[in-house]
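Descriptive analysis of the structure
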Amino acid sequence: MIVVWRVTERCNLACAFCAFDRRLERSRESADPATMLAFGSTLGAYRRATGNRVLVSWLGGEPLLWTPLQALTTAFVRDFGLRVSVTTNGTALASAATRAHVLDHYDELTVSIDGSGETHDRLRGWRGGFSVLQRAIPLLAAARQRGRGPRLRVNVVLMHDNVGEFGKLCLELAAWGIDEITFNQLGGNDRPDFWSRHRLLPSDVERLSSELPLLRERLAALGVTLRGGDRYLERIRSTAEGRRLPVHDCAPGETFLFISERGVIAPCSFTGDTIGVPIAALTCVDDIASLPARFAAARSRALPLVACGDCRSTQVFAKFE
């Protein structure tokens, strides 16, 4: 069971494609720590009762800069027996104390990097940021090689601006000691104006598709796995071509859950407003075990769901294949 939990809407970077760009005037909510601990305890009980492994993955905003997160992570790992991961912009990794905490508590660390050098710094609004990551990630990799620390992953947001550099970037990242590389296409929901000017074009997707097989082989020889199979590429291709890809049954809630900073749990980040449930209402193992049936029934009552008519949930399309 993978539980992706957006714990804060606050971020310190200025990414022009992101809804949490620090320059935007918007809500900046964060999760309630007491509610998180209560639900974490229930997840731990679910894990013990069912034998299912549970990975809780923090998302933001920028989660590693949210002050309560270190103590919460420690409790989720040590008290509740859960595995924990995080997706981060990497700014906090310049701190030796943060790196030590990550090494001691996390199963997976995903860092968002969108290009080499100036390309990354420009897209993220972080002057010198690529150089910071170039120093910090190899330090984590060296510790991991000594048997301590998480799986190291880099995720790249692909757009027209950087897709031509993707292969070069992947090979550069491999030298840092990472384990995996994943990629997303630039999405249009958060910042539609930016998307319309920078989105992947059909020719970009065809170039990516043709380059991936050899790039996978070269990375594999370096000990790095490049994720994202044919089905995932078809999702990206359909967006570039303006085709909708409906999903009629994603087995909602069976292996993937999303929790917002407001404490609403749903089958994905796109359906919380329509069929989401407050986590405060889930207080026992049976409540969690019954979520798939509960979501399926709610989805049937709410049809047609706009989000399902053109599903953008990457896990549905096997991003990690």
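Note: the structure precedes this text.
I will try to describe carefully the structure that is included in this document. All of these numbers come straight from a predicted model, not from anything done at the bench.

**Focus on the packing of aromatic side chains**
Taken as a whole and judged by the stated rule, the model has nine aromatic pairs. Between Trp5 and Phe76, the ring centres sit 6.1 Å apart and the planes meet at 75°, which makes this aromatic pair edge-to-face. Of this pair, Trp5 sits in strand β1 (residues 2-6) while Phe76 sits in helix α2 (residues 69-79), placing them 71 residues apart in sequence. Of the residues examined, Trp5 reaches a relative accessible area of 1% and is grouped as buried.

**Side note on unusual backbone geometry**
Across the junction of Gly60 and Gly61, the peptide omega takes the value 25°, indicating a cis bond. By the secondary structure assignment, Gly61 is in the loop between β2 (55-59) and α2. A cis geometry characterises the amide bond from Leu303 onward to Pro304, with omega recorded as 0°. Looking at the element boundaries, Pro304 is found in the loop between α12 (291-302) and α13 (306-309). Its identity is not glycine, yet Ala251 carries a phi of approximately 50°, on the positive side. Locating Ala251 in the fold gives a position in the loop between α9 (230-240) and β8 (256-259). One non-glycine residue, Ala318, lies in positive phi territory at about 60°. Looking at the element boundaries, Ala318 is found in the segment after α13.

**Description of the packing of α2 against helix α3 (residues 96-105)**
Between α2 and α3, the shortest axis-to-axis distance is 11 Å and the interhelical angle comes to 15°. Relative to α3, α2 is oriented roughly parallel. Both α2 and α3 take part in a crossing whose hand is left-handed. Contact with α2, carried on its side by Gln70, Thr73, Thr74, Val77 and Arg78, involves Thr98, His101 and His105 of α3 and no other residues of that element. For the contact of α2 with α3, the class distribution of residues is one nonpolar, six polar and one charged.

**Here we look at the environment of Gly90**
The residue Gly90 is located in the loop between β3 (83-88) and α3 in this model. Separated by 27 residues in sequence, Gly90 and Pro63 place their C-alpha atoms 10 Å apart.

**Observations regarding the side chain of Gln185**
With respect to the element layout, Gln185 can be found in strand β6 (residues 180-185). Here Gln185 falls in the buried class, since its relative accessible area comes to 18%. Of the polar contacts made by the side chain of Gln185, one reaches the side chain of Thr239; its length is 3.1 Å. Beyond its immediate chain neighbours, meaning those up to four positions away, Gln185 contacts Val157, Leu158, Leu200, Arg235, Ile236 and Thr239.

**Focus: the sheet that holds β1**
Taken in spatial order, the 10 strands of this open sheet run β7-β6-β5-β4-β3-β2-β1-β8-β9-β10, and their pairing is mixed. Of all the strands in the sheet, just β7 (225-226) and β10 (277-278) have a single pairing partner and so form its edges.

**Description of helix α1 (residues 33-50)**
Because each turn of an α-helix spans 3.6 residues, side chains separated by three or four positions end up pointing in the same direction. Spanning 18 residues, α1 covers 25 Å between terminal C-alpha atoms, matching the ideal 26 Å at 1.5 Å per step. Residues of α1 that are buried include every one of Met36, Phe39, Gly40, Thr42, Leu43, Gly44 and Tyr46, and no others. Gly51, located one to two residues past α1, shows a positive phi value of around 80°.

**With respect to α12**
In this model, α12 (12 residues) spans 16 Å end to end at C-alpha, consistent with the 16 Å of a helix rising 1.5 Å per residue. Buried within α12 are the following residues: Leu291, Pro292, Phe295, Ala298 and Arg299. The buried residues of α12 occupy an angular sector of 135° when projected down its axis, which confines them to one face. The exposed residues of α12 that point more than 90 degrees off its buried face are Ala293, Ser300 and Arg301. Check the buried side of α12 and you find it contacts β8, β9 (264-266), α10 (272-275), β10, α11 (285-289) and α13.

The rules behind these values
Residues numbered from 1 in each chain as written. Predicted model: local features only at pLDDT ≥ 70, side-chain atom pairs only at ≥ 80, totals over all residues. Heavy atoms only, no water. Phe/Tyr/Trp six-rings, centres within 6.5 Å; stacked < 30°, edge-to-face > 60°. Helix = DSSP H or I, 4+ residues; strand = E, 2+ residues; numbered from the N terminus. Buried < 20%, exposed > 50% of the residue type's maximum accessible area, 1.4 Å probe, protein only. Axes fitted to C-alpha atoms, helices over the stretch in contact; angles between N-to-C directions. Parallel < 35°, antiparallel > 145°, perpendicular 65-115°, else oblique. Left-handed = near helix turned anticlockwise from the far one by under 90°. Contact = heavy atoms within 4.5 Å. Nonpolar A, V, L, I, M, F, W, Y, C, P; charged D, E, K, R; others polar. Polar contact = N/O pair within 3.5 Å; in protein donor to acceptor, adjacent residues only side chain to side chain. Pairing = 2+ DSSP bridges. Expected span 1.5 Å × (residues − 1). Arc of directions from axis to C-beta.

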